[in-house]
Amino acid sequence: MELLARGQRSNGLRPAGCGSALPPEFWPLCDAWGIAVQAVAGAGLVSCAGLMLALLWSACASGAALMLFLLATAGIFSLPYCFLVALSPQTCPARVFAFSVLFSLAFGALLARGLALLGVALARGWREAGLAAALALVQVIVAAEWLLVVLVRDERTCQFSQSEFVMLQIYVMVLLAAALATALLFLRRACVSYSYSSSGRPRRRSKLRAVLLVLTLLLSAAVWIVWVTLLTHRSHSLLWDEPVICAMLTANGWVLLLGHGFPQVLLLHERAAPARDPPLDLTGWRSPRTLPPAPPDPKTGAENPGFQTDADARRGADLTVSGVFMREISAERDYSIPRPSTTNITYEE
């Protein structure tokens, strides 16, 4: 059964909130379900935009990979608008291409983050963002090739069955499984490793990272299992395919945002907070050889009142102060130290 047939699912009744000039393919945006989905997805989109602005204040090597993850999550929150609108030749390529590419970028960023936490050299620093982009590039090639084959070579309309749509997501599910395995390995390492820190804070932080990463990927895997099962097993009407995918998109978007987006931004700001503190004033004790200030000079004999008399009248006279015999120096006498003089001696032969 072609998805294009679902473009005619409308029963001809326009919702109360839709204007008379609005085309029928946009009527799902006006009903109660469409408004609820738009509100939840719009809140997630605004949250992603706020986190990306906050991330610009703490730019670092790992911030580039997180920025790619937030861009992918924002794109996931914008996809429900595409699935709410009735399927058409214009919306079909966006559904096929954007759906798989955005999820491959998000799960590729989580896989790169897990490898970076494990200490893999390929995912350190700016290479983490490069690895996430390279993993998503594979799905870009797959989706673009499918569209080129269907639309250009075969010259057919964009049409596919539910099974074909799920098969296009095989690489995305492989990325999800690899990221989950990496996160479980990091959780095991964080639980069995020992910390030599007196406070144990680095160990607790590693455990928190591992738990959040594993929880995010487990919930994402659960969401994918549910929507793939509902989409492939024909236990419901075709009219429920778009609502199922819209619910899956909003749910998985919030799982990614709350499980990885918010904690990572908070962690980066916590790292950057000490660097923005003013430097300490070390004036006065930077050098270990700095000596303390000298004590005040003791009073000298010139400051003693017993010696403050007329020096000219007493010069050369003997003084006796407190039992100490002293004599003033006379200016008429010569107190210079005599120096040796040479004598010329001649020897006669």
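This one's a predicted model, so the numbers in the text were calculated from it and none came from an experiment. (Residues numbered from 1 in each chain as written. Predicted model: local features only at pLDDT ≥ 70, side-chain atom pairs only at ≥ 80, totals over all residues. Heavy atoms only, no water.)

Draft legend 1. Structural context of the overall build of the protein chain. Within the protein chain, the secondary structure is distributed over nine helices and two strands. Starting at the N terminus and walking to the C terminus, you meet the elements of the protein chain as α-α-α-α-α-α-α-α-α-β-β. A total of 349 residues make up the protein chain; the buried ones form 38% of that total. In the protein chain, the share of contacts with a sequence separation of at least 24, taken over all contacts with a separation of at least 6, comes to 72%. For the protein chain, the computed accessible surface area is about 21,200 Å², with 65% contributed by carbon and sulfur atoms. (Helix = DSSP H or I, 4+ residues; strand = E, 2+ residues; numbered from the N terminus. Buried < 20%, exposed > 50% of the residue type's maximum accessible area, 1.4 Å probe, protein only. Contact = heavy atoms within 4.5 Å. Areas by Shrake-Rupley, 256 points an atom, 1.4 Å probe, with all protein chains shown as cover.)

Draft legend 2. Looking closely at the pattern of salt bridges. Taken as a whole and assessed by the stated rule, the structure comprises one salt bridge. For Glu128, the salt bridge goes to Arg113, with nearest N and O atoms at 2.8 Å. With Glu128 in helix H4 (residues 127-153) and Arg113 in helix H3 (residues 91-117), the pair connects residues that are 15 residues apart, well separated along the chain. In this pair, the class of Glu128 matches that of Arg113, namely buried. (Salt bridge = Lys/Arg side-chain N within 4 Å of Asp/Glu carboxyl O.)

Draft legend 3. Geometry of the layout of surface pockets. In this structure, the second largest pocket encloses a volume near 210 Å³. Lining the second largest pocket we find 13 residues, and of these Arg205, Leu208, Arg209, Leu212 and Leu267 sit closest to its centre. Of all the elements in the fold, those that place two or more residues in the lining of the second largest pocket are helix H7 (201-232) and helix H8 (241-272). Here the lining of the second largest pocket gets seven residues from one element, more than from any other, and that element is H7. The class makeup of the residues in the lining of the second largest pocket is six nonpolar, three polar and four charged. (1 Å grid on protein atoms, 1.4 Å probe; cavity = no way out; pocket = protein on both sides within 12 Å on 5 of 7 lines; lining within 4 Å. Points joined across faces, edges and corners; volume = space filled by probe spheres on them. Nonpolar A, V, L, I, M, F, W, Y, C, P; charged D, E, K, R; others polar.)

Draft legend 4. Seen up close, the environment of Ser163. With respect to the element layout, Ser163 can be found in helix H5 (residues 162-167). A sequence separation of 70 residues divides Ser163 from His233, and the C-alpha atoms of the two residues are 9.5 Å apart.

Draft legend 5. Representation of a nonpolar patch on the surface in the model. The grouping of Leu148, Leu151 and Val152 at the surface amounts to a nonpolar patch, some 270 Å² of accessible area in total. Residue Leu148 is classed as exposed on the basis of its relative accessible area of 53%. (Patch = residues over 30% accessible without salt bridge, like charges linked within 9 Å, V, L, I, M, F, W, Y side chains within 5 Å.)

Draft legend 6. The nonpolar core, seen in detail. By size, the foremost hydrophobic cluster in this structure holds 73 residues, and its most contacted members are Leu70, Phe99, Phe103, Phe107, Trp224, Trp227 and Leu249. Among the elements that line this core, the one with the most residues is H3, at 14 residues. Once residues within four sequence positions are removed from consideration, Leu70 is found in contact with Cys48, Leu51, Met52, Leu55, Leu257, Gly261 and Val265. (Core = buried A, V, L, I, M, F, W, Y, C linked by side-chain atoms within 4.5 Å.)

Draft legend 7. A look at the environment of Arg95. Within the secondary structure layout, Arg95 lies in helix H3. Arg95 sits 70 residues away from Phe165 along the chain, and the two C-alpha atoms are 9.7 Å apart. Ignoring anything within four residues of it in the chain, the contact list for Arg95 reads Cys82, Phe83, Val85, Ala86, Leu87, Phe165 and Glu242. Within the structure, Arg95 has its side chain in polar contact with the backbone oxygen of Val85 (distance 2.8 Å). (Polar contact = N/O pair within 3.5 Å; in protein donor to acceptor, adjacent residues only side chain to side chain.)

Draft legend 8. Geometry of the packing of aromatic side chains. One pass over the full model with this rule turns up 11 aromatic pairs. Where Phe77 meets Trp254, the ring centres are 5.5 Å apart and the plane angle is 70°; that geometry is what we call edge-to-face. Pair noted here: Phe77 is in helix H2 (residues 61-84) and Trp254 is in helix H8, with a separation of 177 residues, a long-range link. Take Phe77: its relative accessible area is 0%, and that puts it in the buried class. Judged by its relative accessible area of 22%, Trp254 is partly exposed. Plain terms: the ring middles of Phe103 and Trp224 are 5.2 Å apart, the flat faces sit at 85° to each other, and that makes the pair edge-to-face. Separated by 121 residues along the polypeptide, Phe103 in helix H3 and Trp224 in helix H7 bring together distant segments of the chain. In terms of burial, Phe103 and Trp224 fall into one category: buried. Here the aromatic cluster, defined as three or more aromatic residues joined through ring pairs, consists of Phe83, Phe99, Phe103, Phe107, Phe165, Trp224 and Trp227. (Phe/Tyr/Trp six-rings, centres within 6.5 Å; stacked < 30°, edge-to-face > 60°.)

Draft legend 9. The arrangement of helix H6 (residues 170-192) in detail. The end-to-end C-alpha distance of H6, which contains 23 residues, comes to 33 Å, matching closely the 33 Å that a straight helix rising 1.5 Å per residue would cover. Buried within H6 we find Val172, Leu175, Leu176, Ala179, Leu180, Thr182, Ala183, Phe186 and Ala190. (Expected span 1.5 Å × (residues − 1).)

Draft legend 10. Spotlight on the packing of H3 against H6. It is at 8 Å that the axes of H3 and H6 come closest, and there the two elements cross at 20°. Between H3 and H6, the angle is such that the two are roughly parallel. Where H3 crosses over H6, the handedness of that crossing is left-handed. Contacts from Ser100, Phe103, Ser104, Phe107, Gly108, Leu110, Leu111, Gly114, Leu115 and Leu117 in H3 reach Val172, Leu175, Leu176, Ala178, Ala179, Thr182 and Phe186 in H6. Partitioned by chemical class, the residues of the contact of H3 with H6 number 12 nonpolar, five polar and no charged. (Axes fitted to C-alpha atoms, helices over the stretch in contact; angles between N-to-C directions. Parallel < 35°, antiparallel > 145°, perpendicular 65-115°, else oblique. Left-handed = near helix turned anticlockwise from the far one by under 90°.)

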